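A look at the structure
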Amino acid sequence: MNLRRVLLVAAGGTVGTAARLGLGLAIPDAGGFPVGVFVANLLGALLIGILTARLPKATEMRLFLGTGLLGGFTTYSAFTTGTAGLWADAPLLAIAYAVGSLVLGLAAATLGLRIGRPRAGAAS
């Protein structure tokens, strides 16, 4: 185990988690729909796609930004608890939230990979 790498992930995760909380405070839920979590997960998927296309796997920057910061910013647990919370009062909205999060998250990550991929003939 490399302590430096663990600390980089922890530092990034601290920043990412705080950013997600800030986003959640800035964008309140709409009728029980967890808008802040939805936005964080889609934006995070886009940025993780860009980062994945741009940075080699083994770099410390990728650990800090990808695993740490963006891993803390996006949140599977809030996604699942938000879905469960919606299910009690609005099952169709819960299904739309879950499916929409997955489909749009995949689309955002794919777009991020496409945006981040170096262009042929572009200077690196």
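Overview of the structure. (Residues numbered from 1 in each chain as written. Predicted model: local features only at pLDDT ≥ 70, side-chain atom pairs only at ≥ 80, totals over all residues. Heavy atoms only, no water.)

Some details on the pattern of salt bridges
One pass over the structure, following the stated rule, counts one salt bridge. Across the salt bridge formed by arginine 4 and glutamate 60, the nearest N and O atoms sit 2.8 Å from each other. Residue arginine 4 is found in helix α1 (residues 3-26), and its partner glutamate 60 is found in helix α3 (residues 60-73); the two are separated by 56 residues along the sequence. A residue is classified by how much of its surface remains accessible, and glutamate 60, at 26% relative accessible area, is partly exposed. (Salt bridge = Lys/Arg side-chain N within 4 Å of Asp/Glu carboxyl O. Helix = DSSP H or I, 4+ residues; strand = E, 2+ residues; numbered from the N terminus. Buried < 20%, exposed > 50% of the residue type's maximum accessible area, 1.4 Å probe, protein only.)

Concerning a nonpolar patch on the surface
A surface patch of nonpolar side chains, about 640 Å² in accessible area, is lined by Trp87, Leu92, Ile95, Val99, Leu102 and Val103. When residues in the nonpolar patch are grouped by element, the largest group, five residues, is from helix α5 (residues 91-116). Accessibility expressed as a relative area gives 71% for leucine 92, which makes it exposed. (Patch = residues over 30% accessible without salt bridge, like charges linked within 9 Å, V, L, I, M, F, W, Y side chains within 5 Å. Areas by Shrake-Rupley, 256 points an atom, 1.4 Å probe, with all protein chains shown as cover.)

Read these as spatial facts, not as claims about activity.
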